[in-house]
Amino acid sequence: MRAGFPVAAKGMVIGLLGGSFDPAHRGHVHITREALKRMGLDRVWWLVSPGNPLKEHGPAPLADRMARARAVMRDPRVVVTDLEARLGTVRTADTVARLQALYPGVRFVWLMGADNLGQFHRWERWQEILRRVPVGVLARPGWGVRARNSVAARVFSGERVGRGEVLRMRGAPVWCFVNLPMDGSSSSEIRARGDWRR
């Protein structure tokens, strides 16, 4: 594997949690640990993105966000990585396709908060993502009903399963909504307070 790329062995099941992480916070840590436990994942990779095409303003510098993410996520099963910058991918569909090509024999599961499922249909080639990898949706405060009634949830309603562990074994398209104790931490609220770089 190329320098700077995470190591993964054939047969591993790796969750991919993408986002700006601007900044990373305990809510990200919480859903990551819950995904590891409830979906039986071997590892989770945090894909700290260079930018987010759906957000109006650009994020803080990538190096700052990576450093913060590594400071808050201290678990040997979790890798904080700038893979999208290294791959030169901007869209999730492209990132997933490249990772599948680079890591043959590794099973990937895309992880997202319920707030992202609510607007998933706005992502470019969102249906391709669901057809490429299993998707694990983790509950977020205020998004339970809205996420389950979203465009993506309705279009792929027949592919929903009730238990997160199924994502380890079943090929895409398949997705699961996982209810869990919630943490209301929000990157936008932390940015608004302006205290995360202190």
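Look a little higher up for the structure.
Residues numbered from 1 in each chain as written. Predicted model: local features only at pLDDT ≥ 70, side-chain atom pairs only at ≥ 80, totals over all residues. Heavy atoms only, no water.

Colleague: Honestly, the sheet that holds strand E5 (residues 135–138) in this entry has me stumped. Any pointers?
Modeller: Within a sheet, adjacent strands bond to each other through the backbone by hydrogen bonds, running parallel or antiparallel. If you walk across this open sheet you meet the seven strands as E3-E2-E1-E4-E5-E7-E6, and the pairing is parallel. Looking at strand neighbours, the two that pair on one side only are strand E3 (78–81) and strand E6 (160–161), the edges of this open sheet. Here two bridges tie E6 to strand E7 (residues 175–178), and the two strands are oriented parallel to one another. Paired with Val 161 across the strands is Cys 176, a residue of E7. Each of strand E1 (13–19), strand E2 (43–48), E3, strand E4 (107–113), E5 and E7 is contacted by helix H1 (residues 26–39), which is oriented at about 145° to E2, the strand it contacts most. (Pairing = 2+ DSSP bridges. Helix = DSSP H or I, 4+ residues; strand = E, 2+ residues; numbered from the N terminus. Contact = heavy atoms within 4.5 Å. Axes fitted to C-alpha atoms, helices over the stretch in contact; angles between N-to-C directions.)

Colleague: Please clarify how the environment of Gly 19 should be interpreted in this entry.
Modeller: Note that Gly 19 resides in strand E1. Apart from residues lying up to four places away in sequence, Gly 19 is in contact with Leu 47, Val 48 and Ser 49.

Colleague: I'm lost on the packing of aromatic side chains in this one. Help?
Modeller: What characterises a pair of aromatic rings is the spacing of the ring centres plus the angle enclosed by the ring planes. Within the structure shown, the criterion is met by eight aromatic pairs. Both rings, one in Trp 110 and one in Trp 123, keep their centres 6.4 Å apart while their planes meet at 90°; by these two values the pair is edge-to-face. Of this pair, Trp 110 sits in strand E4 while Trp 123 sits in the loop between helix H5 (114–118) and helix H6 (126–132), placing them 13 residues apart in sequence. The class of Trp 110 is buried, set by a relative accessible area of 2%. What makes Trp 123 buried here is its relative accessible area of 16%. Ring pairing ties together the aromatic residues Trp 110, Phe 120, Trp 123, Trp 126 and Phe 156, which thus form one cluster. Between Arg 148 and the ring centre of Phe 177, over which it is positioned, the NZ or CZ distance is 4.4 Å. (Phe/Tyr/Trp six-rings, centres within 6.5 Å; stacked < 30°, edge-to-face > 60°. Buried < 20%, exposed > 50% of the residue type's maximum accessible area, 1.4 Å probe, protein only. Lys NZ or Arg CZ within 6 Å of the ring centre and 35° of its normal.)

Colleague: Mind showing me how you'd approach the pairing of E5 here?
Modeller: Within a regular strand, side chains alternate between the sheet's two faces. Of the two faces of E5, the one holding Val 135 and Val 137 and the one holding Gly 136 and Leu 138 are both buried throughout. Relative to E5, E4 runs parallel, the two sharing four bridges. Directly across from Trp 110, in E5, lies its bridge partner Val 135. Sheet topology places E5 next to E7; four bridges connect them, and they run parallel. For Gly 136, the partnering residue across the bridge sits in E7 and is Cys 176.

Colleague: What is the right way to look at unusual backbone geometry in this model?
Modeller: Residues other than glycine predominantly adopt negative phi, and peptide bonds predominantly adopt the trans conformation. Between Asp 22 and the following residue, Pro 23, the backbone shows a cis peptide bond with an omega angle of 0°. By secondary structure assignment, the location of Pro 23 is in the loop between E1 and H1. Of note, the amide linkage connecting Ala 172 to Pro 173 takes the cis form, showing an omega dihedral of 5°. Of note in this structure, Arg 125 is not a glycine but carries a positive phi near 60°. Following the sequence through the fold, Arg 125 ends up in the loop between H5 and H6.

Colleague: Would you mind going over the pairing of E4 with me for this structure?
Modeller: The buried count for E4 comes to six of seven residues, which makes it a mostly enclosed element. Pairing of E1 with E4 involves five bridges; the strand directions are parallel. Looking at the pairing, Val 13 lines up with Arg 107 of E4.

Keep in mind that these numbers describe shape and distance, not what the molecule does.
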